[in-house]
Amino acid sequence: MKTVYFDNNATTKVAEEVAEEIQPYFCRLYGNPSSMHTFGGQISRKITHARSQVAALLGCEPDEIIFTSCGTESNNTAIKGTLAAAPDKRKIITSRVEHPAVLAVCRQLENQGYTVIELPVDKKGRLDLNLLEKELDDQTALVTIMYANNETGTIFPIEKITEIVTGRGITFHTDAVQVAGKIPLNLAKSNIDLLSLSGHKLHAPKGVGALYARKGTRLSPFMLGGHQEAGRRAGTENVPGIIGLGKACELAAKNIEQQNARVKHLRDKLENAILKKCPDSRLNGDKENRLPNTTNISFEYIEGEAILLMLDKFGICASSGSACTSGSLEPSHVLRAMGVPFTAAHGSIRFSLSRYNTEEEIDYAIEKIPPVIEKLRKLSPFVAK
Ligand code: PLP
């Protein structure tokens, strides 16, 4: 059975070119980049090259890139590193729809005595920037707001947000894990202080990420115990991961606009067909300001998990907005924050595409999905017979 992969916000295929590039660094070129000998030294040069490839995608200087192990570590470093560098300040502002890699950190800090403000969103998942402005004060150390939401694809107006935050001595961090490689970034022209990205969301291997830290941003290291990354992140480097991330950034930067247009066309075709052919289905999120690859659709009166299981039988991979927590099915915190009704939040499915998806796969999904929904509706106790 073929696999039709529409779960690219969860993880992506490693690009063939990336797999090829990193191959020599397992068994042949396995030196430690910190070693004095030539065998290790040559690896250090490859890391320097990868750093400039990542910087080129982000439009920043190579020495503003810190390699980490994943997006989660980048977020933890940004948040905890900023607070450690500003011990006199006790307030963090974030949003209710952040990924747990931000929310869980902020909630732990709240338990430790910090004031944490989680800004609400409207029914399209948008922030009220007036509320943000009202919350900023002398106690605020950090504003951390994601660039785009992983569940709905909604893009926040990051540049407008930085205009509000900048100039007050507050650090601004953005979780751009779902953005890097999907939409163009030019950090040299922005006021973003810290930005997180993750390799496995942009066709690099799992286990590598990066944190952009603008020159002059106050940040204490999160990982201690070595001089790597100019003392900003200790630990022997994930050499193949870093080289792979560099290559993946180089590939993503190539024709980013063209790739976007193609992926958006496929996403829109899938979304329009589903919304048209499946009664009682609705789009979640901001239709206009959205990542080109993501659509989140609620199918009223049926369970997301049941839909996923039936789609799986056809080889179609997607994900649901529910998380199975301690035996009960909790609807996603993102959809809940947007006020999506209970019946719709339970039946929400995220389809997230990549540049590797084809028109043929979209046609296949359009053929298979509507009958699955119809069948489940017939079985649903919530649908009037
Ligand atoms: N932030 C966002 C928005 C994400 O979507 C994810 C992963 O899904 C992460 C952070 C965590 O990234 P990683 O899996 O690299 O730790």
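Refer to the preceding data block for the structure.
Residues numbered from 1 in each chain as written. Predicted model: local features only at pLDDT ≥ 70, side-chain atom pairs only at ≥ 80, totals over all residues. Heavy atoms only, no water.

(A) Spotlight on the sheet that holds strand β2 (residues 65–68). Spatially, the seven strands line up as an open sheet ordered β2-β8-β7-β6-β5-β3-β4, and their pairing is mixed. Unpaired on one side and paired on the other, β2 and β4 (115–119) mark the two borders of the sheet. Recorded for the sheet is a direction-independent mean angle of 20 degrees between the axes of neighbouring strands. Sheet topology note: the strand β3 (residues 91–95)/strand β5 (residues 140–144) ladder contains three bridges and is parallel. The residue of β5 that forms the bridge with Lys 91 is Thr 140. Its contacts with the sheet put helix α3 (residues 38–58) on β2, β7 (194–198) and β8 (209–213), and the angle it makes with β2 is roughly 115 degrees. (Pairing = 2+ DSSP bridges. Helix = DSSP H or I, 4+ residues; strand = E, 2+ residues; numbered from the N terminus. Axes fitted to C-alpha atoms, helices over the stretch in contact; angles between N-to-C directions. Contact = heavy atoms within 4.5 Å.)

(B) Geometry of the environment of Leu 127. Topologically, Leu 127 is positioned in the loop between β4 and α6 (129–135). Judged by its relative accessible area of 14%, Leu 127 is buried. Once you skip the residues sitting within four places of it in the chain, Leu 127 turns out to touch Ser 95, Leu 119, Pro 120, Val 121, Ile 145, Phe 156 and Ile 161. (Buried < 20%, exposed > 50% of the residue type's maximum accessible area, 1.4 Å probe, protein only.)

(C) Local environment of the site of the ligand. Taken together, 13 residues lie around the ligand, and Gly 71, Thr 72, Asp 175, Ser 198 and Lys 201 are the ones closest in. Between Gly 71 and the ligand, the recorded distance is 2.8 Å, taken from a backbone N or O atom to an oxygen atom. Look at the ligand: alone it shows 390 Å² of surface, and the protein chains cover 88% of it. No other element matches the three residues that helix α4 (residues 71–85) contributes to the shell around the ligand. The residue inventory of the shell around the ligand, partitioned by class, reads three nonpolar, eight polar and two charged. (Near = heavy atom within 4 Å. Polar contact = N/O pair within 3.5 Å; in protein donor to acceptor, adjacent residues only side chain to side chain. Areas by Shrake-Rupley, 256 points an atom, 1.4 Å probe, with all protein chains shown as cover. Nonpolar A, V, L, I, M, F, W, Y, C, P; charged D, E, K, R; others polar.)

(D) Local environment of the side chain of Arg 290. For Arg 290, the position within the fold is in the loop between β9 (281–283) and β10 (294–299). Overall, Arg 290 belongs to the buried group, its relative accessible area being 7%. In terms of polar contacts, Arg 290 uses its side chain to reach the side chain of Glu 271, at 2.7 Å. Polar contacts involving the side chain of Arg 290 include one to the main-chain carbonyl oxygen of Thr 294, which spans 3.1 Å. Arg 290 has contacts with Thr 152, Gly 153, Thr 154, Ile 155, Arg 267, Glu 271, Leu 283 and Thr 295, leaving out every residue within four places of it along the chain.

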